[in-house]
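This is what each chain is made of:
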Amino acid sequence: MKIQQADDCREAVYSNDYYDLILDYVSGYPRGETECYQRVSDQYDIAYFAREGIPALNLQDYPYQTIPKCFGLTDLSALESSGILRLQNPAGLDLMGQGILVGFVDTGIDYTHPAFQNLDGSTRIVGIWDQTIEDGTPPEGFYYGQFFDRAMINQALRSEQPLEIVPSRDEIGHGTFLAGTACGTADLSQDFSGAVPQAAIAMVKCKQAKPYLREYYFIPDDVPCYQENDLMLGMSWLMNLADQLQMPLILCVGMGSSMGNHAGEEPVSMLTDNFGRRGQRAVVVSAGNEAGARHHYSKRGLEEGMTDRIEISVGENVPGCYMEFWASIPEIYRLSVVSPSGERFSGGGGTAGSVSHNFIFERTRLTIDYTTGGARLGGQLIYLRFSAPYPGVWSIEVIPELILEGSFHCWLPLSGLMKGDVYFLRSDPDTTILVPGFSSVAVTVGGYQTASGGIDARSGRGFSTLGMITPDVVAPGVNVYGTEPGGRYGVRTGTSVAAAVTAGGCAQIFQWGIEQNNLRYLNSRDLSHLLIRGAIRDTDRIYPNTSFGYGKLDVYNALNTLRLEYR
């Protein structure tokens, strides 16, 4: 493996002439010489391969997990209903996040917002890694972007032109809102406070996905999307920063992907597991907003000799779409595709191979890859890629060749990453939580409405394809009041907001347990167990369930259960 200097690696990171590939030495990786690679963890590296002279992206030459998935964003009554305000009260435990670092991998942060400053005007942000700045000085051990430390941010805040000193913005506002929801400084004039208004803050501003990945996944140029490998490196940097500062870390992820086998075995999910098991470290992720998108199809109990028909409705002006079909070992299926005009293509079969077909009247090109998920994502994967799909209903006939349980799942891309309407006519709203929400140790959070107490109909639902119970809890995620760029405040909805509320509550528990020396080695799994025990459960509902998980977040009650346990 050829390793060059950081400047050469920076060019490869930003250039569309290089493939970014996730090297998982368990599942395998493409042969060939790379320009450079970056270490993520003991499990994963990110490598950059010159595209010239190597095959275009496909699932025969590149193991499924090596191709980065594209992640999209998962957009004060909230604090009260979650039991957070009761723990802020100085007459109680006075848990304001002191001594805890809360990190975000997102769209950046408006560091000039008063919500991220102390009373003397100094910053509460200990670091920003802006991956979008191509000619900056990156954090130690990384090859791209610009790192801004607390001293540089304070210097900028004292300047009349702060952006000339720290030229990092949040054009979308998503990261600013999540950071404010979790950690914003109290502003009585705006009737606002974050969950832990005295916690330290760190932010990774992820760069946008490269054009070749957008083309592969049919993602429009004007849609925000982020590469899995950049997300993973951002998580790794936050872990390193917490180690350097010797601070407990709550890592909040408000992005997600709908691809993979939804069993927690994708690279970013495995990395989340690795980080979340460490003492004084925890990861909180959002469930996503795909339950009502009609992008999941499932079948159970298909018997030998039977077939099943999947119907996909495709709207006007859809440039392309794809579908992933997942079946568990040892089951094997083959597919046959019928176009809206009735032309049938018997699309090959087996567990390896690729076939393509041009539909005559529709002028649509279909490629079907038969492969497996690799050593980590076991099972059969059939990947269908439609280029310029003709509007109408496309039918996919599922023919079993080897079955035991007769079960399989199919997913379409994340709603926000597609142009036009594409959905299953007979869909299943369950198992719609986004990656990395199926991590076995992360705290996965859905969203509910504080006004009615009902679940947000869009909030991603469990359980995993292996039956793992998720989400853990639900938190307020509808019309939550928070920070916007430009010193403003506004209202947003989404499970990423619910995750930010929960991340703040987790920071309170970390402060009580670690900083106040009550439970020194809390980690992500410990937090999950505490939140589950303290969750509020309605008497007319059976728990756990696919929508609410174990119930509604109540951080006060989570600590109260410890008092009951030790009395």
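The structure displayed is predicted, hence computed values, not measured ones.

A short note on the overall build of the chain
Tallying secondary structure elements over the chain gives 12 helices and 27 strands in all. Computed over the C-alpha atoms, the radius of gyration of the chain is 23 Å, within 12% of the 24 Å expected from 2.2 N^0.38 for a compact globule of 567 residues. Each principal axis of the C-alpha distribution contributes one length, and for the chain these read about 70 × 60 × 40 Å. Burial analysis of the chain (567 residues in total) assigns 61% to the buried set. The centroid of the 42 positive side-chain charges in the chain is displaced by 4 Å from the centroid of its 64 negative side-chain charges.

Comments concerning the pattern of salt bridges
Tallying each qualifying case throughout the model produces 13 salt bridges. For K207, the salt bridge goes to D230, with nearest N and O atoms at 3.1 Å. You can see K207 sitting in the loop between β8 (200-205) and α7 (211-217) and its partner D230 sitting in helix α8 (residues 228-245), a full 23 residues away along the chain. Each member of the pair, K207 as well as D230, is classed as buried. Salt-bridge contacts for D308 lead to K299; the nearest nitrogen and oxygen are separated by 3.8 Å. The buried category is assigned to D308, whose relative accessible area is 8%. In this structure, a network of salt bridges that share partners links the residues D538, R541 and K552.

Observations regarding the sheet that holds strand β3 (residues 44-50)
Strand order in this open sheet of three strands is β1-β3-β2, and the pairing throughout is antiparallel. Strands with a single pairing partner mark the edges of an open sheet, and in this sheet they are β1 (18-24) and β2 (36-39). Neighbour to neighbour, the strand axes of the sheet diverge by 25° on average, direction disregarded. Direction of pairing for β2 relative to β3: antiparallel, over a ladder of four bridges. Its bridge partner lying in β3, Y37 is registered against A47.

A few points about the environment of E343
Positionally, E343 belongs in the loop between β16 (332-338) and β17 (344-346). Its relative accessible area of 17% is what places E343 among the buried residues. Along the sequence, E343 and I360 sit 17 residues apart, while their C-alpha atoms lie 8.2 Å from each other. The residues touching E343, leaving out its near neighbours within four places in the chain, are V337, V338, H357, N358, F359, I360, F361 and E362. Polar side-chain contacts of E343 include one of 3.0 Å to the backbone nitrogen of I360.

Here's the deal with a negative patch on the surface
Side chains of D8, E11, D17 and E52 sit close together on the surface and give a patch of like negative charge. A relative accessible area of 77% places E52 in the exposed class.

Side note on the state of the cysteines
Chemically, a disulfide is nothing more than a covalent bond linking the sulfur atoms of two cysteines. Per the stated rule, a full pass over the model turns up one disulfide. Paired through a disulfide, C9 and C36 show a sulfur-sulfur distance of 2.5 Å. Within this pair, whereas C9 is found in helix α1 (residues 6-14), its partner C36 is found in strand β2, the two being separated by 27 residues in sequence. Here C225 is not disulfide-linked; the sulfur of C70 is the nearest cysteine sulfur, at 4.3 Å. For C225, a relative accessible area of 0% gives the class buried. The thiol of C252 is not disulfide-bonded; the next cysteine sulfur, from C183, is found 8.6 Å away.

Observations regarding the side chain of S395
Considering the arrangement of structural elements, one finds S395 in strand β21 (residues 392-402). Those residues within four positions of S395 in sequence are excluded, and the remaining contacts are R309, I310, E311, S336, V337 and V338.

Things to note about helix α10 (residues 495-515)
A turn of α-helix holds 3.6 residues, and therefore any two residues three or four places apart point the same way. Taking 1.5 Å as the rise per residue, α10 with 21 residues should run 30 Å; its terminal C-alpha atoms sit 29 Å apart, in good agreement. Within α10, 20 of the 21 residues are buried, leaving the element largely enclosed by the surrounding structure. Directly beyond the C-terminal end of α10, a positive phi value near 60° is found at N517.

Focus on the side chain of Q227
By the secondary structure assignment, Q227 is in strand β9 (residues 226-227). A distance of 2.8 Å separates the side chain of Q227 from the backbone nitrogen of K210, its partner in a polar contact. Ignoring anything within four residues of it in the chain, the contact list for Q227 reads D20, P68, K69, K207, A209, K210 and L213.

Some remarks on the packing of aromatic side chains
What the rule picks out here adds up to 22 aromatic pairs. Centre to centre, the rings of Y19 and Y62 are 6.0 Å apart; their planes meet at 80°, and the pair counts as edge-to-face. Of this pair, Y19 sits in strand β1 while Y62 sits in the loop between β3 and β4 (70-73), and the two are 43 residues apart along the sequence. Here the aromatic rings of F359 and W394 are separated by 5.1 Å at their centres, their planes lie at 80°, and the arrangement is edge-to-face. Of the two residues, F359 is situated in strand β18 (residues 353-359) and W394 in strand β21; the sequence distance between them amounts to 35 residues.

Some details on the sheet that holds β4
Within the open sheet, the three strands sit side by side as β9-β4-β11. Their pairing is antiparallel. Of all strands in the sheet, those bounded by a partner on one side alone are β9 and β11 (255-256). Sheet topology places β4 next to β9; two bridges connect them, and they run antiparallel. Paired with F71 across the bridge in β9 is Y226.

Describing the packing of helix α6 (residues 174-183) against α10
Across the interface, α6 lies against α10 with an axial gap of 7 Å and an inter-helix angle of 35°. For the pair α6 and α10, the crossing hand works out as right-handed. Note on element contacts: α10 touches α6 through S496, V497, A500, V501 and G504, opposite H174, F177, L178, T181 and A182. Broken down by class, the residue content of the contact of α6 with α10 amounts to six nonpolar, four polar and no charged.

Digging into the environment of C183
Examined against the element boundaries, C183 turns out to sit in helix α6. For the pair C183 and G320, spaced 137 residues apart in sequence, the C-alpha to C-alpha distance is 40 Å. Among residues more than four places away in sequence, those in contact with C183 are V102, F104, A115, R124, G194, A195, V196, P197 and I201.

Thoughts on the nonpolar core
Core analysis: the largest hydrophobic core is formed by 54 residues, its most contacted members being F104, I250 and I509. The element that contributes the greatest number of residues to this core is α10, accounting for 12 residues. The contacts of I250, once residues within four sequence positions are left out, are I100, L101, V102, G103, A282, V284, A503, C506, A507, F510 and L527. Counting 46 residues, the second-largest nonpolar core is a separate cluster that includes W129, Y144, A202 and V268.

The rules we used
- Residues numbered from 1 in each chain as written.
- Predicted model: local features only at pLDDT ≥ 70, side-chain atom pairs only at ≥ 80, totals over all residues.
- Heavy atoms only, no water.
- Helix = DSSP H or I, 4+ residues; strand = E, 2+ residues; numbered from the N terminus.
- Rg over C-alpha atoms; globule rule 2.2 N^0.38 Å.
- Buried < 20%, exposed > 50% of the residue type's maximum accessible area, 1.4 Å probe, protein only.
- Lys, Arg positive; Asp, Glu negative; His and termini not counted.
- Charge placed at Lys NZ, Arg CZ, Asp CG, Glu CD.
- Salt bridge = Lys/Arg side-chain N within 4 Å of Asp/Glu carboxyl O.
- Pairing = 2+ DSSP bridges.
- Axes fitted to C-alpha atoms, helices over the stretch in contact; angles between N-to-C directions.
- Contact = heavy atoms within 4.5 Å.
- Polar contact = N/O pair within 3.5 Å; in protein donor to acceptor, adjacent residues only side chain to side chain.
- Patch = residues over 30% accessible without salt bridge, like charges linked within 9 Å, V, L, I, M, F, W, Y side chains within 5 Å.
- Areas by Shrake-Rupley, 256 points an atom, 1.4 Å probe, with all protein chains shown as cover.
- Disulfide = S-S within 2.5 Å.
- Expected span 1.5 Å × (residues − 1).
- Phe/Tyr/Trp six-rings, centres within 6.5 Å; stacked < 30°, edge-to-face > 60°.
- Left-handed = near helix turned anticlockwise from the far one by under 90°.
- Nonpolar A, V, L, I, M, F, W, Y, C, P; charged D, E, K, R; others polar.
- Core = buried A, V, L, I, M, F, W, Y, C linked by side-chain atoms within 4.5 Å.

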